[in-house]
Amino acid sequence: MDWETTADRYRRFAEFEARGSSSCYELWAWGIASDNRLLSLIDRLPEEKRQPNLVLTAARYLGVGESSYPAFRDWVFQHWDDVARVVTARRTQTNEVGRAAVLLPALARLAGPLALIEVGASAGLCLYPDLFSYRYDGRIDLHPAGGASGVMLRCVTSGEPPIPDRLPEVVWRAGVDLNPLDVSDADEMRWLECLVWPGQPERLRRLREAVAIARARPVDVVTGDLNETVTELVDAAPDGTTVVVFHSAVLAYLSVDERVRFERTIRSLPCHWLSNEGCGVVGSVAEQLPVPAQDTPGRFVVALDGIPLGYAGAHGQTLDWFRH
């Protein structure tokens with residue numbers, strides 16, 4: 001939200017994103033939200049670099065451990081120049097593979113074989129939905145054709161989403177990112193690991209397993225702006241495939257004009273469009289939601305070809321299906 005102060009931003013992060021997911025991040029974000037001295041430092045950063053996840057990850061990347069807020073605050077003041085340097089050089093690029101669990105019911109509705117294109121792909125880890133295992137509601141298990149995967153994604157559902165009885169066939173994958181991360185680069189993978197919030201060992205474990213899959217089956221993630229590159233990627237997909245362009249937690253980093261441009265472009269291409277974004281990020285999707293976007297802070301919405309299907313947890317942990 002453009003009108004938010006930095007304090008508002010950290011307060012919202014604490015209340016609607018970190019709460020129930022990371023007690024450490026909730027504590028730190030609440031602390032920052034009422035700490036004028038630290039807020040003044042953060043406000044010296046470019047606006048797009050003040051986001052909580054980026055600032056907190058930079059501190060952890062540089063070595064701060066889980067601690068009380070006063071200890072964290074003292075550490076940040078002592079190392080602020082280094083924190084600012086990392087924040088300026090890096091992007092969030094979380095690459096959360098858990099989001100594949102909320103995309104799968106929509107993806108599996110499409111006739112295969114599939115050609116997948118991810119915009120804002122980071123290291124490309126989400127391009128392997130057919131190579132992950134899934135457990136829905138603790139009782140419905142899906143595995144790749146070759147057997148159980150080292151990546152097990154758990155998702156709690158409501159509203160009876162159309163969970164498939166087998167995984168889709170994916171025959172081609174590609175991605176684009178402004179700054180693709182290399183799965184063979186140890187430092188870049190350490191950055192990805194630091195993007196996993198404190199107190200979430202399962203997310204860290206499955207990230208490492210997904211990296212192993214990507215190293216064994218490399219995919220081409222090109223460097224570029226998604227609005228400039230998506231058309232050529234769709235054109236490059238093999239004949240006889242169903243092309244799906246998808247993204248999760250990406251468009252919020254674009255201006256409103258850039259989002260509108262992307263939607264206009266994607267609707268003109270011979271492909272399906274699968275999105276998983278904050279409820280208010282895609283205006284045309286927000287207009288169709290059963291509840292106003294401002295009343296569902298911290299939630300995502302899964303949409304296929306611009307039609308909203310269900311609400312999703314930010315890391316793919318829940319899926320509340322409302323489209324029948």
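All of these numbers come straight from a predicted model, not from anything done at the bench.

1. Quick look at the overall build of the protein chain
If you tally the helices and strands in the protein chain, you get 12 helices and 11 strands. Here the C-alpha atoms of the protein chain give a radius of gyration of 19 Å, agreeing with the 20 Å that 2.2 N^0.38 yields for 324 residues. Taken over the C-alpha atoms alone, the protein chain extends approximately 60 × 40 × 40 Å along its principal axes. Within the protein chain, the fraction of its 324 residues that count as buried is 55%.

2. Examining the environment of Leu131
Structurally, Leu131 is set in the loop between β1 (114–119) and β2 (133–136). Between the C-alpha atoms of Leu131 and Met152, which are 21 residues apart in sequence, the distance is 9.9 Å. The residues contacting Leu131, other than those within four sequence positions of it, are Pro144, Ser149, Arg173, Ile213 and Arg217.

3. Topic: the packing of aromatic side chains
For the coordinates displayed, the defined rule picks out 10 aromatic pairs. Each ring, one from Tyr25 and one from Trp28, has its centre 6.0 Å from the other, and the planes form 40 degrees; the classification is tilted. Taken together, the residues Tyr25 and Trp28, both in helix α2 (residues 23–33) and three residues apart, mark about one turn of the helix. Taken individually, Tyr25 and Trp28 each receive the classification buried, so the pair is uniform in this respect. Aromatic pair Trp28 and Phe72: ring centres 4.1 Å apart, planes at 15 degrees, arrangement stacked. Remark: Phe72 occurs in helix α5 (residues 69–78) and Trp28 occurs in helix α2; sequence separation between them is 44 residues. Judged by relative accessible area, which is 2%, Phe72 ranks as buried. Three or more aromatic residues joined by ring pairs form one cluster here, namely Phe13, Tyr25, Trp28, Tyr69, Phe72 and Trp197. Sitting above the plane of the Phe77 ring, Arg37 keeps its charged end 3.8 Å from the centroid. Geometry around Tyr61 places Arg190 over its ring, the cationic atom sitting 4.1 Å from the centre.

4. Looking at the pairing of strand β11 (residues 318–321)
Of the two faces of β11, the one lined by Leu319 and Trp321 is fully buried and the one lined by Thr318 and Asp320 carries no buried residue. Inspection of the sheet shows strand β4 (residues 152–158) paired to β11 by three bridges, in the parallel sense. Bridging across to β11, Ser158 finds its partner in Asp320. With three bridges connecting them, strand β10 (residues 307–312) and β11 associate as antiparallel partners. Across the sheet, Ala312 pairs through a bridge with Leu319, a residue of β11.

5. A few points about the sheet that holds β11
Spatially, the 11 strands line up as an open sheet ordered β3-β2-β4-β11-β10-β9-β8-β7-β1-β5-β6, and their pairing is mixed. Bordering the open sheet on either side are β3 (140–142) and β6 (220–223), each of which pairs with just one other strand. Neighbouring strand axes in the sheet, compared pairwise and without regard to direction, differ in orientation by 25 degrees on average. Bridge analysis of strand β8 (residues 272–278) against strand β9 (residues 300–304) gives five bridges, and the strand direction is antiparallel. Residue pairing across strands places Glu277 opposite Val301, the latter belonging to β9. Against the sheet, helix α11 (residues 256–268) contacts β1, β7 (242–248) and β8, and its axis sits at roughly 155 degrees relative to β8.

6. Here we look at the pattern of salt bridges
Enumeration according to the criterion identifies 19 salt bridges in this entry. For Glu263, the salt bridge goes to Arg267, with nearest N and O atoms at 2.9 Å. One end of the pair is Glu263 and the other is Arg267, both in helix α11 and four residues apart, which spans about a single turn. A residue is classified by how much of its surface remains accessible, and Glu263, at 14% relative accessible area, is buried. A single salt-bridge network, built from bridges that share partners, covers Arg90, Asp187 and Arg190.

7. Quick word on the environment of Leu181
Here Leu181 shows up in the loop between β5 (170–177) and α8 (186–194). Judged by relative accessible area, Leu181 falls into the buried class, the value being 7%. For the pair Leu181 and Asp239, spaced 58 residues apart in sequence, the C-alpha to C-alpha distance is 28 Å. Once residues within four sequence positions are removed from consideration, Leu181 is found in contact with Gln93, Ser122, Ala123, Glu188, Met189, Trp191 and Leu192.

8. Details of the packing of helix α10 (residues 226–236) against α11
Two numbers describe how α10 lies on α11: the axes approach to 10 Å, and their chain directions differ by 10 degrees. Comparing the axis directions of α10 and α11 gives the class roughly parallel. Residue-level contacts link Leu226, Asn227, Glu228, Val230 and Thr231 of α10 to Glu258, Arg261, Phe262, Thr265 and Ile266 of α11. Within the contact of α10 with α11, the residues separate by chemical class into four nonpolar, three polar and three charged.

Rules of the game
- Residues numbered from 1 in each chain as written.
- Predicted model: local features only at pLDDT ≥ 70, side-chain atom pairs only at ≥ 80, totals over all residues.
- Heavy atoms only, no water.
- Helix = DSSP H or I, 4+ residues; strand = E, 2+ residues; numbered from the N terminus.
- Rg over C-alpha atoms; globule rule 2.2 N^0.38 Å.
- Buried < 20%, exposed > 50% of the residue type's maximum accessible area, 1.4 Å probe, protein only.
- Contact = heavy atoms within 4.5 Å.
- Phe/Tyr/Trp six-rings, centres within 6.5 Å; stacked < 30°, edge-to-face > 60°.
- Lys NZ or Arg CZ within 6 Å of the ring centre and 35° of its normal.
- Pairing = 2+ DSSP bridges.
- Axes fitted to C-alpha atoms, helices over the stretch in contact; angles between N-to-C directions.
- Salt bridge = Lys/Arg side-chain N within 4 Å of Asp/Glu carboxyl O.
- Parallel < 35°, antiparallel > 145°, perpendicular 65-115°, else oblique.
- Nonpolar A, V, L, I, M, F, W, Y, C, P; charged D, E, K, R; others polar.

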